[in-house]
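What the coordinates show
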Amino acid sequence: MDELTSVDPNWEPPVCWYEPVFTPDGLKSAVEDLQKNGGMGAVNAHEWWSSGIFVDHYDKGEPEENFDLKSPTTSTAEGYKNYNSGKKGMFWRSVVRKGHENDIKAWDCGRIMFWQDAGTIPDDEHAPTPETLAAYAYDKIEVPRTKVELKPTAKSTVNLPTWVWLDKGTFKEVKVRAELPDTGLWAETTAKPVALHLEPGTDDAETFPASGDCEINEDGSIGTPYTKGDADKTPPCGIRYLRATNGTPYELKASITWQISWEGTGGENGDLPDGTFETTQDMNVQEIQSINH
C-alpha cells in the first residue's frame, strides 16, 4: 500500500490545528504524574512545561503567555482554578501534522493548552472543521500498489501493440474516516479510481488512446484484456513501441488518477484535489524476427 500524491502542487492538508486532549480530571492526574516523576509535559505542539508551571496555570489560576508569530504583542492566557474540575468540557492544545514539525506554519498554532466547553468548537482560525479532518484523512489514504496487466508481458516486439488493462475489482474505492472525540466532528474521505495514464518511456512509441489516458469502464475495469487473435488489432488501452531497446529497457509509467471527495458532520461535503499513484515497469522491445527459407 502506498500514499497518494496530490496532482495540485499548491494544495496540502493543514500543517497545524487544535484538538481536545484532557478532561479536568485527566489533566489533574497527568500533572500529578509529572510531579511524581519530575518530568516535563507538552502544553502545545512546541512547548514543554515542568509540573510547577502546570500547577501555577491550571490549578492556581495564574496567567501565562501564548506564543503568536503573527501578533505584534504576546497574548495572555488567563489561568484556571483546580483544573476546571466539575465543569463539562476539555482542554485543547495544538498538534502538528507528522513530518512538518519544522515548518514555519506549524508555529501558527501557538496557544498554550486552553479550555473549551463541551459541545463547542474554539473560535479560532485553526480550529478543526469537517474539511480539516477530510484533508487529514486524505493524507492517510493508502492505495494498492498493483502492476497493470500487459500482453505481451515485459518483452515486446517493434510495431506490435502491447495491450494494457486492469481487471474489474483490481482498484476499488478507498475510504478513510477521521473523528475528533467529544466534539461531534468527523469526516470520511473517499478516493475513487477514475483513469489510467500511460507514458511509454520513449518518444519512439504510440499510446492508445493518443492521449495515453485510459478511462475506467463502467464495471470498474480499465482497457480490454488481450485474447488470442488480437495481436494485429489496436487495443483500446495500450502502447506500440517503434524502436527496439538496446540493452536498457524502456520504463513504462502507469499512473492511476484517484478522484477525492468527502462528507462530514452536519451533511457538509466537498471535493479535494485529485490524487495520483504511479508505478514503473521495465519494457524490453526486440526487433521482429524474420525466417529465411
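Quick caveat: nothing in here was measured; it's all calculated off a predicted structure.

1. Concerning the nonpolar core
It is characteristic of soluble globular proteins that their nonpolar side chains tend to be buried jointly. One finds Leu4, Leu196, Leu198, Tyr241 and Trp258 to be the most contacted residues of the largest nonpolar core, which totals 40 residues. Listing elements by their share of this core, those giving two or more residues are helix H3 (130–140), strand S14 (174–180), strand S15 (185–199), strand S18 (238–241), strand S19 (250–264) and strand S20 (269–286). Once residues within four sequence positions are removed from consideration, Leu196 is found in contact with Val148, Val164, Gly212, Asp213, Cys214, Ile222, Cys237, Ala254, Ser255 and Ile256.

2. Some remarks on the packing of aromatic side chains
One pass over the structure, following the stated rule, counts 12 aromatic pairs. With a centroid separation of 5.7 Å and an interplanar angle of 5 degrees, the aromatic rings of Tyr58 and Tyr80 are classed as stacked. With a gap of 22 residues between them, Tyr58 in helix H2 (residues 51–59) and Tyr80 in the loop between strand S7 (76–77) and strand S8 (89–96) connect regions that are remote in the sequence. Like Tyr80, Tyr58 is buried. Taken together, a centroid distance of 5.1 Å and an interplanar angle of 10 degrees make the contact between Tyr241 and Tyr250 stacked. Owing to a relative accessible area of 0%, Tyr241 belongs among the buried residues under this scheme. Since its relative accessible area comes to 11%, Tyr250 is described here as buried. Among the aromatic residues, those joined into a cluster by ring pairs are Trp49, Phe54, Tyr58, Tyr80, Phe91 and Trp115. A cation sits over an aromatic face here: Arg111 above Phe114, 3.7 Å from the ring centre.

3. Notes on the pattern of salt bridges
A full pass over the atoms with the stated rule returns eight salt bridges. With a shortest N-O distance of 3.2 Å, Asp139 and Arg97 are connected by a salt bridge. Taken together, the residues span a long stretch of sequence, with Asp139 in helix H3 and Arg97 in the loop between S8 and strand S9 (114–117) at a distance of 42 residues. Take Arg97: its relative accessible area is 6%, and that puts it in the buried class. The closest approach of N and O atoms between Lys175 and Glu173, which form a salt bridge, is 3.9 Å. Classification of Lys175 as partly exposed rests on a relative accessible area of 47%. By relative accessible area, Glu173 is classed as partly exposed at 45%. Here the residues in one salt-bridge network are Glu12, Arg97 and Asp139, joined through shared partners.

4. A word on the confidence of the model for the protein chain
On average, residues of the protein chain score 90 in pLDDT, and 95% of them reach the 70 mark or higher. The spread of mean pLDDT over the elements of the protein chain runs between strand S1 (residues 2–3), the lowest at 74, and H2, the highest at 97.

5. What about H3?
Helical geometry: 3.6 residues make up each α-helical turn, so side chains three or four residues apart lie on a common side. Turning to H3, its buried residues are Pro130, Thr132, Leu133, Ala134, Ala135, Ala137 and Tyr138. Close packing links the buried residues of H3 with strand S2 (5–6), strand S3 (16–22), S14, S15, S19 and S20.

6. Remarks on the sheet that holds S18
Within the open sheet, the four strands sit side by side as S11-S13-S18-S16. Their pairing is antiparallel. Each of the sheet's edge strands pairs with one partner strand only, and the pair in question is strand S11 (149–151) and strand S16 (205–208). With strand direction ignored, the average angle separating the axes of adjacent strands in the sheet is 20 degrees. The pairing of S11 with strand S13 (residues 162–165) spans three bridges and is classified as antiparallel. What sits directly across from Leu150, in S13, is Val164.

7. Some remarks on the environment of Asn159
Positionally, Asn159 belongs in the loop between strand S12 (155–157) and S13. C-alpha of Asn159 to C-alpha of Glu287: the two residues are 128 residues apart in sequence and 8.8 Å apart in space.

8. Things to note about the state of the cysteines
Under the definition given, this model contains two disulfides. Between the sulfur atoms of Cys16 and its disulfide mate Cys109 the distance is 2.0 Å. Sign of the S-S torsion, about 80 degrees for the bond between Cys16 and Cys109, identifies this disulfide as right-handed. Here Cys16 is found in strand S3, whereas its partner Cys109 is found in the loop between S8 and S9, with 93 residues between them in sequence. Accessibility expressed as a relative area gives 6% for Cys16, which makes it buried. Overall, Cys109 belongs to the buried group, its relative accessible area being 0%. Covalent S-S linkage joins Cys214 and Cys237, the inter-sulfur distance amounting to 2.2 Å. Since a negative S-S torsion denotes a left-handed disulfide, the Cys214-Cys237 link at about 90 degrees is right-handed. One end of the pair, Cys214, is in strand S17 (residues 213–215); the other, Cys237, is in the loop between S17 and S18, with 23 residues separating them in the sequence. By relative accessible area, which is 3% here, Cys214 ends up buried.

Thresholds applied
Residues numbered from 1 in each chain as written. Predicted model: local features only at pLDDT ≥ 70, side-chain atom pairs only at ≥ 80, totals over all residues. Heavy atoms only, no water. Core = buried A, V, L, I, M, F, W, Y, C linked by side-chain atoms within 4.5 Å. Buried < 20%, exposed > 50% of the residue type's maximum accessible area, 1.4 Å probe, protein only. Helix = DSSP H or I, 4+ residues; strand = E, 2+ residues; numbered from the N terminus. Contact = heavy atoms within 4.5 Å. Phe/Tyr/Trp six-rings, centres within 6.5 Å; stacked < 30°, edge-to-face > 60°. Lys NZ or Arg CZ within 6 Å of the ring centre and 35° of its normal. Salt bridge = Lys/Arg side-chain N within 4 Å of Asp/Glu carboxyl O. pLDDT = per-residue confidence, 0-100. Pairing = 2+ DSSP bridges. Axes fitted to C-alpha atoms, helices over the stretch in contact; angles between N-to-C directions. Disulfide = S-S within 2.5 Å.

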